[in-house]
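One-letter residues, chain by chain:
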Amino acid sequence: MFTKSVWSVAAAAVIATAGAAPAVAQDYPSKEVRWIIPWNAGGSNDIMARFLQPILAEQGMSVVIENLPGGTGAVGMGEVATSQPDGYTMGNGTSSTLAIIAQKKAPLKNSDFTNVIRVSVDPLILVVPGNSEHDSLDAFLAHMKENAGEVSIGTPGTNNLNHIFAAMTARGAGVEYRHVPFPGGSRVVAELMGNQVDAGVLKPSETIEQIKAGELKALGAFSKERLDVLPDVPTFAEAGVDVFPYGPVVQMAYIQAPAGLDPAVEEKMADAFEAALTSDKFKEFAAKNGFVIDPIRGDELDAEVDGVAGAIAEVASQIFSQ
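Calculation rules
- Residues numbered from 1 in each chain as written.
- Predicted model: local features only at pLDDT ≥ 70, side-chain atom pairs only at ≥ 80, totals over all residues.
- Heavy atoms only, no water.
- UniProt positions renumbered as here; feature names shortened; annotations may be inferred.
- 1 Å grid on protein atoms, 1.4 Å probe; cavity = no way out; pocket = protein on both sides within 12 Å on 5 of 7 lines; lining within 4 Å.
- Points joined across faces, edges and corners; volume = space filled by probe spheres on them.
- Helix = DSSP H or I, 4+ residues; strand = E, 2+ residues; numbered from the N terminus.
- Nonpolar A, V, L, I, M, F, W, Y, C, P; charged D, E, K, R; others polar.
- Buried < 20%, exposed > 50% of the residue type's maximum accessible area, 1.4 Å probe, protein only.
- Contact = heavy atoms within 4.5 Å.
- Pairing = 2+ DSSP bridges.
- Core = buried A, V, L, I, M, F, W, Y, C linked by side-chain atoms within 4.5 Å.
- Axes fitted to C-alpha atoms, helices over the stretch in contact; angles between N-to-C directions.
- Salt bridge = Lys/Arg side-chain N within 4 Å of Asp/Glu carboxyl O.

The chain appears in an unreviewed UniProt entry as Bug family tripartite tricarboxylate transporter substrate binding protein from Nitratireductor kimnyeongensis. Turning to the chain, the UniProt annotation filed under Sequence similarities (unreviewed entry) states: "Belongs to the UPF0065 (bug) family."

Looking now at the layout of surface pockets. Of the volumes computed, that of the largest pocket is approximately 480 Å³. The wall of the largest pocket is formed by 25 residues, among which V121, D122, P123, S223 and L227 lie closest to the centre. Among the elements of the structure, β4 (113–122), α6 (161–173), α10 (280–289) and α11 (298–320) are those that each provide at least two residues to the lining of the largest pocket. Looking at the lining of the largest pocket residue by residue, the classes come out as 18 nonpolar, three polar and four charged.

Residue position: T94 is located in strand β3 (residues 89–94). Since its relative accessible area comes to 1%, T94 is described here as buried. Dropping the residues within four chain positions of it, T94 is found in contact with W39, N45, Q251, M252, A253 and Y254.

With that settled, consider the pairing of strand β8 (residues 199–202). It is a general feature of regular strands that their side chains alternate between the two faces of the sheet. A two-sided burial pattern is seen for β8, the buried positions comprising A199 and V201 on one face and G200 and L202 on the other. Pairing between strand β5 (residues 125–129) and β8: three bridges, direction antiparallel. Within the sheet, the bridge partner assigned to L126 lies in β8 and is V201. With two bridges joining them, strand β6 (residues 152–156) and β8 adopt parallel strand pairing. Note that in β8 the partner of I153 across the bridge is A199.

A separate point is the nonpolar core. Membership of the largest hydrophobic core comes to 42 residues, with the highest contact counts inside it found for M144, I164 and F165. When residues of this core are traced back to their parent elements, those giving at least two are α4 (95–102), β5, α5 (137–146), α6, β8, β10 (251–258) and α11. In this view, F165 contacts L124, V201, F222, V243, F244 and V249; residues no more than four positions away in its chain are not counted.

Glancing now at empty space enclosed by the protein. If you walk through the whole model with that rule in mind, you get two cavities of 30 Å³ or more. Approximately 110 Å³ is the volume attributed to the largest cavity. W39, G43, S44, N45, S96, P156, N162, G185, K203, E206 and Q251 together form the lining of the largest cavity. Taken together, the residues of the lining of the largest cavity break down into two nonpolar, seven polar and two charged. Considering only enclosed or pocket space, the second largest cavity measures out at about 40 Å³ in volume. A total of three residues in the lining of the second largest cavity trace back to one element, the largest contributor, which is α4. Grouping the amino acids of the lining of the second largest cavity by side-chain chemistry returns four nonpolar, five polar and no charged.

For the peptide bond that leads from Y28 to P29, omega is -10°, which places it in the cis range. For T72, which is not a glycine, the phi torsion comes out positive at approximately 55°. Mapped onto the elements, T72 comes out in the loop between β2 (63–67) and α3 (74–81). Judged by relative accessible area, which is 8%, T72 ranks as buried. Backbone geometry at N159 places phi at a positive 55°, although glycine is not the residue there. Residue placement: N159 occurs in the loop between β6 and α6. Note on N159: relative accessible area 14%, which makes it buried.

This next bit is on the sheet that holds β4. If you trace the five strands from one edge of the open sheet to the other, you get β2-β1-β3-β10-β4, paired in mixed fashion. Looking at the sheet topology across the chains shown, the edges are occupied by β2 and β4. Averaged over all pairs of adjacent strands, the angle between strand axes in this sheet comes to 25°, irrespective of strand direction. Strand direction decides the pairing type here: strand β1 (residues 33–37) and β2, joined by five bridges, are parallel. Considered in β2, the bridge of I36 is made with E66. Of the strands in this sheet, β1, β3, β4 and β10 are in contact with α3, which crosses β3 at around 140°.

As a further point, take the pattern of salt bridges. Applying the stated criterion across every chain, the model contains twelve salt bridges. One salt bridge connects R34 with E79, and the closest N-O pair in it is separated by 3.1 Å. Taken together, the residues span a long stretch of sequence, with R34 in strand β1 and E79 in helix α3 at a distance of 45 residues. When its relative accessible area of 30% is taken as the criterion, E79 is described as partly exposed. One salt-bridge network, held together by shared partners, links R34, E66 and E79.

Next comes the structure, spelled out in structure tokens:
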């Protein structure tokens, strides 16, 4: 039987616990936040994170960036999912990792995470080495037709949107090809510049400097319209190739924390990111690197994540089952 003193201690504990959560949220962040980038250093997510790092510091959020590549993002995001939901571990979710989760190729579920805020929406392009003999998308597709099954296309990860568009490129040529996956965009860039693969499907943000320097050439954009950052690069549609036969799919990056994150902490984290993402510094960076800033959050982001996962899973089932 509980005594009066036991009930008093229990009640005090409940009151203390109830008052602790707001205090924790109010003080957040009181130490450095671990930001896991589930891709190699030098890739688009890593470049973006390191540009945002000092801007976030101006918002009172000091972050330490940690690269944990592997498994098309599943290794790093698995670390996020199993961390304490205290706001001091977060990671970059992407459409690539969403795709393998949706296809049940990773031991993760969307419910393992709290979706905090979207960082960017990124177009994808087909690039070849700067010294490639192919100067146009038409020429590259003709080369694929003449060398059926021999042309290699590298992508960061596998069974993701990059892989889908690599397959759609080969489908546009009407032939098979060799898919070569790597643990991040920076590795694809390195292999291209070393002439180890014939082409790659990458973002402008991770190739723009090499394109400007002539070390890579952009041949085609996987988009409905030409990109402002690469206005001379035609879309695949202009070459008569439909890369969206099963509906539109989008490549995006967004911040995720472990499931169970205190909503008040989530709000403070999202507020810091939204201020950084909409700063003049980051807007200039986005325009220079060819991606779109659209910092949706809350229920709107949850709905977008579910929609993108479903769309990519449907497209992947059509592409990879054939």
